[in-house]
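Structural overview
Next come the chains, spelled out residue by residue.
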Amino acid sequence: MKKIAILQSNYIPWKGYFDMIAAVDEFILYDDMQYTRRDWRNRNQIKTPQGVQWLTVPVQVKGKYHQTIRDTEIDGADWASTHWKALTQNYRRAPYFDEIATWLEPLYLAEPYTHLSQMNRRFIEAVCRYLEIKTIISNSWDYNLFDGKTERLADLCTQAGGTEYISGPSAKDYIEESVFIERSIKLTWFDYAGYPEYPQLWGEFTHGVSILDLLFNCGKEAHSHMKNVHS
């Protein structure tokens, strides 16, 4: 049995994204899809004393309405120091800030990035290493891509040797289950409900922020507040 998940890359995603990675044997970054503005590809949220704040990576979009996530270029480099400053200001009081900063700060201040997909993957892999998530992470362009929304996903599963496809619940609106049945691939819907709260700075608890919030506040104990990540 081999479980597969296929998702677009996000910038410093929330804990549910990493729980899905941990739930499968191979996680395929689906960055051959069209880049969508005002989405999670190039931005995410952190907590501050003034409430939730967006951290957005500027990307080149003018005249590039149909570009893929893979081809989307980052616009400038100033954003990295700005984001790290925001993280430092809002999380330096968190119990595990120094521990996380040892590997996170260089990702912001010592590494040049040209493309969004490349940058997202670097951050995702770094978080997986810290959480000891061993899942294979591959790119959709490592495989042949076929036409059809559901057909393409099912074919990616088949090429990767998958026998079970784990999908986010929002895909129920468009996935045709029969396509997976025809290929003898089990289709399972991932459940993001029921996460426990954890010690969090700045007021009322918020689940949907970047996983960095969980890491700064809980360190290696982050797994205790996730479903598929284990110590």
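Above this text sits the structure in question.
This is a predicted model, so every value here is computed, not measured. (Residues numbered from 1 in each chain as written. Predicted model: local features only at pLDDT ≥ 70, side-chain atom pairs only at ≥ 80, totals over all residues. Heavy atoms only, no water.)

What follows is about the nonpolar core. Across soluble globular proteins, nonpolar side chains show a tendency to be buried alongside one another. Within the largest apolar cluster, 60 residues are counted, with the highest numbers of intra-cluster contacts made by Phe18, Phe27, Leu87, Leu104, Tyr108 and Leu131. Contributions of two or more residues to this core are made by strand S1 (3-7), helix H1 (15-23), strand S2 (26-29), helix H2 (78-91), helix H3 (97-109), helix H4 (116-131) and helix H7 (211-218). In terms of residues, this core owes the most to one element, H4, which gives nine residues. In this view, phenylalanine 27 contacts Ala5, Leu7, Tyr17, Met20, Ile21, Thr135, Ile136, Ile137 and Ser138; residues no more than four positions away in its chain are not counted. (Core = buried A, V, L, I, M, F, W, Y, C linked by side-chain atoms within 4.5 Å. Buried < 20%, exposed > 50% of the residue type's maximum accessible area, 1.4 Å probe, protein only. Helix = DSSP H or I, 4+ residues; strand = E, 2+ residues; numbered from the N terminus. Contact = heavy atoms within 4.5 Å.)

In this section: the side chain of asparagine 217. Relative to the assigned elements, asparagine 217 resides in helix H7. When neighbours within four sequence positions are excluded, asparagine 217 is seen to be in contact with Tyr91, Ala94, Pro95, Tyr96, Tyr198, Pro199, Gln200 and Leu201.

One can describe the packing of H3 onto H4 by two numbers: an axis separation of 11 Å at closest approach and a directional angle of 165°. Between H3 and H4, the angle is such that the two are roughly antiparallel. For the pair H3 and H4, the sense of crossing is right-handed. Across from Glu99, Ile100, Trp103, Leu104, Leu107 and Tyr108 in H3, the residues of H4 making contact are Arg122, Phe123, Ala126, Val127 and Tyr130. Residues of the contact of H3 with H4, tallied by class, amount to nine nonpolar, no polar and two charged. (Axes fitted to C-alpha atoms, helices over the stretch in contact; angles between N-to-C directions. Parallel < 35°, antiparallel > 145°, perpendicular 65-115°, else oblique. Left-handed = near helix turned anticlockwise from the far one by under 90°. Nonpolar A, V, L, I, M, F, W, Y, C, P; charged D, E, K, R; others polar.)

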